[in-house]
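Each chain is listed here by its residues.
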Amino acid sequence: LAIALVGSLGAYSPAESAEVTNIVWILGEDICPDLSCYGTKGVKTPHLDRLASEGVRYTRAFSTSPVCSTSRSAMMTGMYQDSIGANQHRTANKKPLPSHVIPFPLLLQKAGYHTGLMASKKLDLNFVHKSSELFPGGDWKNAGDKPFMVQVTFANTHRTWRRYPGLPVDPKKVEVPPYYPDTPLVRRDIADGLGEMQKLDQLVGGVLKRLEDEGLAEKTLVIFIGDHGRCEVRGKQFLYDSGVQVPLIIRWPGHVKPGTVNEDLVSAIDVTATVLAAAGLDVPKWMHGRDLFDEKAPKRDYVMLARDKMDATHDSMRGCRDKRFKYIDNLMPERAWCQLNEYKERSYPVLALLNVMHLKGELNEVQDRFMKATKPEEELFDIVADPFETKNLAGDPKYKADLERMRGVVMSWRKDIGDQGVSESFRKGGWSSKYPTRSLAEWEKMLADWEKRVMSPGGL
């Protein structure tokens, strides 16, 4: 990074501006737009609802990847993770970034910004870095006379979850997606996740109150976004909307009309570009992200999505989404969606339930699809008609033109970013693709343990 800074950073200088903007980037872990301002049933999020009423709420915002280290690597650089070698979650041998790619905090530092981390200090990046170089300053109170950019990360929404007596969510009021069986365990698990969203709302409210108390609210750009989708079965680690759609709310007094609702397609890497532009910096030409407030920047016709190794589970998918369709190219169709993943097996109560019901033949066709031993090579969903992505249209002749169009978009994108795809060594790596990975008796034992813990009045 030091070599890159000497050679490249001087090319980026603040645009002439009399105004200096403070920036607070609030990151919620493992969340979809499960807020009351997005219409989610059973949840109350008054602080984030207020933030949305004071700024702009994006209804079609997506991460580039459905897991933390890859999506955060993309946001840190404004680049697709597959273009910078940061696409394998939990990479053992991390590599430096390409010499021309500079993480955005270093660009801000060159422009005179204080950069720091608050709340969680975890960065979780898939490239060689030093947190002390990217965010050396800590709390914004340490900024002195400098403008500040702080990233505030809240991890309570990451499994495991707690239950908060003052923030109850009624399981009877939650919405159960059709790919889950409607059982008390499923409803309780969804309610527990929404309870953590309500806790997250309180934590965000504390940050917003502090800005107000210190007289900083009117001169601070506030961004709230998730790093990827929710940590539930068929969410995190997969390219369905439940794994990649995130909330995005931006408040910028004097620049953003309060109460705006934006339906454009937005990628999380666009936030990176927007932060630089708000600080008075030109967005580097090598960056894939686009300034959301630049009226000259072309709007996205598609958001691009990718998944590779997750922990020790090897799988690979590429995809794109427009305002109507989602396309997924399963590069390893011979592997099950639910091949062994220790993280999910020790964290997801509903996974045990689905395995038991699958092995007993008790799931309906929609619910059982995700438990199959192999995947189709391609998936196409009409999001407008089928928002839960339950009916694969890839084989329907009526949608042939849409399939070919979106397949072409993904192929061109992969070529443009230098995507390496699946090597033979990658295909042979990781856990066995055999499924199920446990016997019925083993799954029943796990399910009984989950039901005892999750369904108890005292909580998890």
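Going by the structure above, here's the rest.
On a predicted model such as this, the values are computed, not experimentally measured, just so you know.

J.: Honestly, helix α10 (residues 349-359) in this entry has me stumped. Any pointers?
T.: The element α10 is extensively covered by neighbouring structure, given that nine of its 11 residues are classed as buried. Looking at the packing, one finds that the buried side of α10 touches α6 (184-213), α9 (342-345) and α14 (440-454).

J.: Before we go on, may I ask you to explain the packing of aromatic side chains in this structure?
T.: Ring pairs (aromatic) are described by centroid distance and by the angle formed between their planes. Applying the stated rule across the entire model yields 12 aromatic pairs. On the numbers, 5.2 Å between centres and 85 degrees between planes, the contact of Tyr-80 with Trp-413 is edge-to-face. On the criterion of sequence distance, the pair formed by Tyr-80 in the loop between α3 (68-77) and α4 (104-110) and Trp-413 in helix α12 (residues 400-417) is long-range, its members being 333 residues apart. The same class applies to Tyr-80 as to Trp-413, namely buried.

J.: Just checking my understanding: could you explain the environment of Asn-156 for this structure?
T.: Position of Asn-156 among the secondary structure elements: in the loop between β4 (148-154) and α6. It is 20 Å that separates the C-alpha atoms of Asn-156 and Arg-234, two residues lying 78 residues apart in sequence. When near neighbours in sequence (up to four residues on either side) are disregarded, Asn-156 contacts Trp-161, Tyr-164, Glu-196, Lys-199, Leu-200 and Leu-203. At a separation of 2.8 Å, a polar atom in the side chain of Asn-156 contacts the side chain of Glu-196.

J.: Would you take a moment to explain the side chain of Arg-234 for this structure?
T.: Locating Arg-234 in the fold gives a position in the loop between β5 (220-226) and α7 (241-244). Buried and unpaired, Arg-234 has no salt bridge, with Glu-389 as the nearest side chain of opposite charge at 4.9 Å. In this structure, Arg-234 is in contact with Tyr-179, Tyr-240, Ser-242, Arg-369, Phe-370, Phe-388, Glu-389 and Thr-390, ignoring residues within four places of it in sequence.

J.: Got a minute to help me understand the pattern of salt bridges in this structure?
T.: Note on pairing: side chains with opposite charge can pair once their charged atoms come close. For the structure on display, the rule yields 36 salt bridges. Note that Lys-209 is salt-bridged to Asp-213, the shortest N-O span being 2.7 Å. You can see Lys-209 and its partner Asp-213 sitting in helix α6, four residues apart, about one turn around the helix. Its relative accessible area of 54% is what places Asp-213 among the exposed residues. When the shortest N-O distance is used, the salt bridge between Arg-318 and Asp-419 registers 2.6 Å. On the criterion of sequence distance, the pair formed by Arg-318 in strand β9 (residues 317-321) and Asp-419 in the loop between α12 and α13 (424-428) is long-range, its members being 101 residues apart. Comparing Arg-318 with Asp-419, the two get one shared label, buried. Via salt bridges that share partners, Asp-82, Asp-308, Arg-318, Arg-414 and Asp-419 belong to a single interconnected network.

J.: Explain empty space enclosed by the protein to me, please; I cannot follow it from the model alone.
T.: Empty space among the atoms becomes apparent when a probe as large as a water molecule is rolled across them. According to the stated counting rule, one finds three cavities of 30 Å³ or more in the structure shown. Estimates place the volume of the largest cavity at around 90 Å³. Along the walls of the largest cavity sit 13 residues, with Cys-338, Gln-339, Lys-344, Glu-345 and Leu-351 positioned nearest its centre. Contributing elements (two or more residues each) for the lining of the largest cavity: α9 and α10. A per-class count over the lining of the largest cavity returns seven nonpolar, three polar and three charged. The computed volume of the second largest cavity comes to approximately 70 Å³.

J.: Teacher, can you tell me more about the nonpolar core here?
T.: A general feature of soluble globular proteins is that nonpolar side chains tend to end up buried together. Among the nonpolar cores identified, the biggest contains 72 residues, and Val-24, Ile-26, Trp-140, Tyr-180 and Phe-224 are the most heavily contacted of them. Breaking this core down by element, the ones donating at least two residues are β1 (22-28), α2 (46-53), β4, α6, β5, β8 (303-307), α10 and α14. A total of 11 residues in this core trace back to one element, the largest contributor, which is α6. Not counting chain neighbours up to four residues away, the residues in contact with Phe-224 comprise Ile-26, Ile-31, Leu-35, Leu-48, Leu-51, Leu-200, Val-204, Pro-247, Leu-248 and Ile-249. The next biggest cluster of nonpolar side chains, apart from the first, holds 45 residues, and it includes Met-79, Phe-104, Phe-127 and Ile-225.

J.: It is not clear to me how the sheet that holds β9 should be interpreted in this structure. Could you clarify?
T.: Paired through backbone hydrogen bonds, the strands of a sheet run either parallel or antiparallel to each other. Across the sheet, four strands lie side by side as β8-β9-β10-β11; this open sheet has antiparallel pairing. Sheet topology places β8 and β11 (378-382) at the edges, where each strand pairs with a single neighbour. Shown here is a sheet whose adjacent strand axes are inclined to one another by a mean of 15 degrees, direction ignored. Sheet analysis places strand β10 (residues 325-330) next to β11, joined by five bridges and oriented antiparallel. The residue bridging Lys-326 from the neighbouring strand is Phe-381, located in β11. Its contacts with the sheet put α12 on β8, β9, β10 and β11, and the angle it makes with β10 is roughly 60 degrees.

J.: Explain unusual backbone geometry to me, please; I cannot follow it from the model alone.
T.: Both trends apply: most residues other than glycine have a negative phi, and most peptide bonds are in trans. Note that the residue after Arg-159, namely Thr-160, is joined by a cis bond; omega there is 5 degrees. You can see Thr-160 is positioned in the loop between β4 and α6. Positive phi, close to 65 degrees, is recorded for Arg-90, a residue that is not glycine. The residue Arg-90 is located in the loop between α3 and α4 in this model.

J.: Would you take a moment to explain the sheet that holds β1 for this structure?
T.: Spatial strand order, β3-β4-β1-β5-β6-β2-β7: seven strands in an open sheet with mixed pairing. Each of the sheet's edge strands pairs with one partner strand only, and the pair in question is β3 (114-119) and β7 (260-267). Each adjacent strand pair in this sheet contributes to an overall mean axis angle of 20 degrees, direction not counted. Relative to β7, strand β2 (residues 56-62) is paired through six bridges, and the arrangement is parallel. Paired with Tyr-58 across the bridge in β7 is Asn-262.

J.: Would you explain the layout of surface pockets in this entry?
T.: Of the voids in this model, the largest pocket is the one considered here, and its volume is about 930 Å³. Lining the largest pocket we find 34 residues, and of these Pro-33, Asp-34, Thr-40, Arg-230 and Phe-388 sit closest to its centre. Here the element with the most residues in the lining of the largest pocket is α6; it accounts for four residues. Partitioning the lining of the largest pocket into residue classes produces 14 nonpolar, seven polar and 13 charged. By volume, the second largest pocket is sized at about 480 Å³. Together, 21 residues line the second largest pocket, and Gly-85, Asn-87, Gln-88, Lys-95 and Gln-420 are the ones closest to its centre. Per-class residue counts for the lining of the second largest pocket are four nonpolar, 12 polar and five charged.

Reading the values: rules and limits
Residues numbered from 1 in each chain as written. Predicted model: local features only at pLDDT ≥ 70, side-chain atom pairs only at ≥ 80, totals over all residues. Heavy atoms only, no water. Buried < 20%, exposed > 50% of the residue type's maximum accessible area, 1.4 Å probe, protein only. Helix = DSSP H or I, 4+ residues; strand = E, 2+ residues; numbered from the N terminus. Contact = heavy atoms within 4.5 Å. Phe/Tyr/Trp six-rings, centres within 6.5 Å; stacked < 30°, edge-to-face > 60°. Polar contact = N/O pair within 3.5 Å; in protein donor to acceptor, adjacent residues only side chain to side chain. Lys, Arg positive; Asp, Glu negative; His and termini not counted. Salt bridge = Lys/Arg side-chain N within 4 Å of Asp/Glu carboxyl O. 1 Å grid on protein atoms, 1.4 Å probe; cavity = no way out; pocket = protein on both sides within 12 Å on 5 of 7 lines; lining within 4 Å. Points joined across faces, edges and corners; volume = space filled by probe spheres on them. Nonpolar A, V, L, I, M, F, W, Y, C, P; charged D, E, K, R; others polar. Core = buried A, V, L, I, M, F, W, Y, C linked by side-chain atoms within 4.5 Å. Pairing = 2+ DSSP bridges. Axes fitted to C-alpha atoms, helices over the stretch in contact; angles between N-to-C directions.

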